[in-house]
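Coordinates in review
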Amino acid sequence: MILILLYITFALITVLAIRARRVVQLNAVFFCGTLCFILTGIRWKYGGDWDSYFDYFRSIRGLTFEEGFEPGWNVVSYIIKTTFNSYTVFQFTMAGILFYTSFTVIKKLSVVPILSFLLYYSMTDAGLPYVRKGIAAGIILLSLLFIVNRDLKKFLLCVGCASLIHYSAVVSLPIYWIYHNKSSYKKYFVIFVCSTAVFYVFGKLIFSNVSFLGDYLNYKLTNYMEQSEAGENFGVSISPERAMINQLLKKFYVFFFIFCYCKEVLTRDIRFRGFLNIYVFSLIFYCSVVPLAFQFARMSAYFEIVEMLIYAYIYYYLPQKEKSLFLLLVLLFNAWRIFGHADPGQPDIYNYHTVFELF
């Protein structure tokens, strides 16, 4: 329920501040982000995989990489456990990562900060029910700064750090070159059709033996595909084909406004073009891997997060008379998205509790 209340609050702030000066918008983003930071830090028995994370933290007796999670997560957990012995401190540390990465990127890269924050919230719930992949995605989000500035070393460092939190973050490696790619979108379309067709028909055969990736990744990939083949949907109640159609429809909404109003802008705004490249790649990636297993498709979140910047660019470049319509559609679409996240059937995410309830 808290996710819905926060969305209503942030949507109202967005409507009131979207025409204000940039500094006013950034102050509003800072306020909203700080609120989410506090709520994430004080949460209790809330969020995905709460029990496994909390139980691991309590069980720490020494630093080991043979049990627990990825090395980075284990190291951070161990340091906070031995220094503060407080899971709340651990949560504030994770919340701090999410707040710093999101606010920094919005401040430096968004042309309409308050709208980007609303998108960030609706896509990620601002990290309130965070899991390891969410923290890794936050670090990949920060890497956009180094992509824009052509700082390959710092970009690779970000990907390395994110991969130490969740191994799946390694799939983000191509986005540095995708951002700077100048190919026409006709070529992207051809790649989309060919890639989707090949993976849909031959995907499981291609990934039937990936031992060269190492024992752990080989096990995870094989296990996910076997579970998917056996009917496991990983919490998703639709077929891969329906998921692909839904993804196309969602992206069509964005592409429609870009094609009708922003097509010429892409030739002169390098950042807009670069972020759109990554966004298109997220569609190609999603539709290629979702027939293999929904768990693979969730990795598209590392690329799709640029949507928070793309919506801002669209609004920024729209003719004045079209801005209100676009904003209304954004509010409605993201309300639908957040209501999908706030599912009463998932009490770990729907029923928010705080650490103060322990006293």
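Residues numbered from 1 in each chain as written. Predicted model: local features only at pLDDT ≥ 70, side-chain atom pairs only at ≥ 80, totals over all residues. Heavy atoms only, no water.

A word on the environment of Pro-291. Mapped onto the fold, Pro-291 is located in the loop between α13 (270-289) and α14 (294-297). The exposure class assigned to Pro-291 is buried, which follows from its relative accessible area of 10%. Sequence-wise, Pro-291 and Ala-243 are 48 residues apart; in three dimensions their C-alpha atoms are separated by 9.2 Å. (Helix = DSSP H or I, 4+ residues; strand = E, 2+ residues; numbered from the N terminus. Buried < 20%, exposed > 50% of the residue type's maximum accessible area, 1.4 Å probe, protein only.)

Attention shifts here to the state of the cysteines. Evaluation of the coordinates by the stated rule reveals 0 disulfides. No disulfide involves Cys-32; its sulfur sits 7.1 Å from that of Cys-36, the nearest cysteine. Just so you know, Cys-260 is unpaired, no disulfide at all, and the nearest cysteine sulfur is the one on Cys-262, 9.3 Å from it. (Disulfide = S-S within 2.5 Å.)

To continue, consider helix α17 (residues 320-341). For α17, built from 22 residues, the straight-helix expectation of 32 Å at 1.5 Å per residue is met to within 8% by its first-to-last C-alpha distance of 32 Å. Among all positions of α17, only Glu-322, Lys-323, Phe-326, Leu-327, Val-330, Leu-331, Phe-333, Asn-334, Ala-335, Arg-337 and Ile-338 are buried. The inward-facing, buried residues of α17 abut α1 (2-17), α6 (113-124), α12 (240-262) and α16 (307-317). (Expected span 1.5 Å × (residues − 1). Contact = heavy atoms within 4.5 Å.)

Now for the pattern of salt bridges. Scanning all chains against the criterion turns up 6 salt bridges. With its nearest N and O atoms 2.9 Å apart, the salt bridge here joins Lys-250 to Glu-304. With Lys-250 in helix α12 and Glu-304 in helix α15 (residues 301-304), this pair connects stretches of sequence that are 54 residues apart. No difference in accessibility class separates Lys-250 from Glu-304, as the two residues are buried. One salt bridge connects Glu-307 with Arg-337, and the closest N-O pair in it is separated by 2.9 Å. Highlighted residues: Glu-307 in helix α16 and Arg-337 in helix α17, separated in sequence by 30 residues. What makes Glu-307 buried here is its relative accessible area of 0%. (Salt bridge = Lys/Arg side-chain N within 4 Å of Asp/Glu carboxyl O.)

Taken together, the side chains of Leu-152, Leu-156, Val-170, Leu-173 and Trp-177 present a nonpolar region at the surface, about 410 Å² in accessible area. Within the secondary structure, Leu-152 sits in helix α8 (residues 152-165). (Patch = residues over 30% accessible without salt bridge, like charges linked within 9 Å, V, L, I, M, F, W, Y side chains within 5 Å. Areas by Shrake-Rupley, 256 points an atom, 1.4 Å probe, with all protein chains shown as cover.)

Throughout the structure, instances matching the rule amount to 46 aromatic pairs. With a centroid separation of 5.6 Å and 75° between ring planes, the pair formed by Phe-30 and Phe-99 is classed as edge-to-face. Highlighted residues: Phe-30 in helix α2 (residues 22-41) and Phe-99 in helix α5 (residues 87-109), separated in sequence by 69 residues. For Phe-30, a relative accessible area of 41% puts it in the partly exposed group. Here Phe-155 and Tyr-176 contribute two aromatic rings whose centre-to-centre distance is 5.4 Å and whose plane-to-plane angle is 40°, an arrangement assigned as tilted. With a gap of 21 residues between them, Phe-155 in helix α8 and Tyr-176 in helix α9 (residues 175-179) connect regions that are remote in the sequence. Neither residue differs from the other here; Phe-155 and Tyr-176 are each classed as buried. Through a chain of ring-to-ring contacts, the aromatic side chains of Trp-44, Trp-50, Tyr-53, Phe-54, Tyr-56, Phe-57, Phe-69, Trp-73, Tyr-87 and Phe-90 assemble into a single cluster. Note that Arg-43 overlies the ring of Tyr-130, its terminal NZ or CZ placed 4.0 Å from the centroid. In this arrangement the basic side chain of Lys-323 is found over the ring face of Tyr-315, its NZ or CZ atom lying 4.6 Å from the centre. (Phe/Tyr/Trp six-rings, centres within 6.5 Å; stacked < 30°, edge-to-face > 60°. Lys NZ or Arg CZ within 6 Å of the ring centre and 35° of its normal.)

This next bit is on the nonpolar core. In this structure, Tyr-121, Phe-275 and Ile-310 are the most contacted members of the largest nonpolar core, which totals 123 residues. Residue contributions to this core peak at 13 residues, all from α13. Apart from residues no more than four positions distant in its own chain, Phe-275 is found in contact with Leu-109, Leu-144, Val-148, Tyr-179, Val-306, Leu-309, Ile-310 and Tyr-313. (Core = buried A, V, L, I, M, F, W, Y, C linked by side-chain atoms within 4.5 Å.)

Averaged over the protein, the pLDDT score is 88; the fraction of residues at 70 or greater is 90%. Note that residues 210-215 has pLDDT below 50 and, in this model, 4 contacts with residues that lie over four places away or in other chains. Below pLDDT 50 for its whole length, residues 224-234 participates in 20 contacts with residues either more than four positions away or in separate chains. (pLDDT = per-residue confidence, 0-100.)

Another point: the packing of helix α3 (residues 50-59) against helix α4 (residues 71-83). Two elements in contact, α3 and α4, have axes whose closest approach is 9 Å; the angle formed by their N-to-C orientations is 55°. Relative to α4, α3 is oriented oblique. The crossing of α3 and α4 is right-handed. Taking contact as the criterion, the partners of Tyr-53, Tyr-56, Phe-57 and Arg-58 in α3 are, on α4, Trp-73, Asn-74, Ser-77, Ile-80 and Lys-81. Along the lines of polarity and charge, the residues of the contact of α3 with α4 split into 5 nonpolar, 2 polar and 2 charged. (Axes fitted to C-alpha atoms, helices over the stretch in contact; angles between N-to-C directions. Parallel < 35°, antiparallel > 145°, perpendicular 65-115°, else oblique. Left-handed = near helix turned anticlockwise from the far one by under 90°. Nonpolar A, V, L, I, M, F, W, Y, C, P; charged D, E, K, R; others polar.)

Here Leu-248 shows up in helix α12. Taking C-alpha positions, Leu-248 is 7.6 Å from Leu-283, a pair spaced 35 residues apart along the chain. Those residues in contact with Leu-248 that sit more than four places away from it in its chain are Phe-192 and Leu-283.

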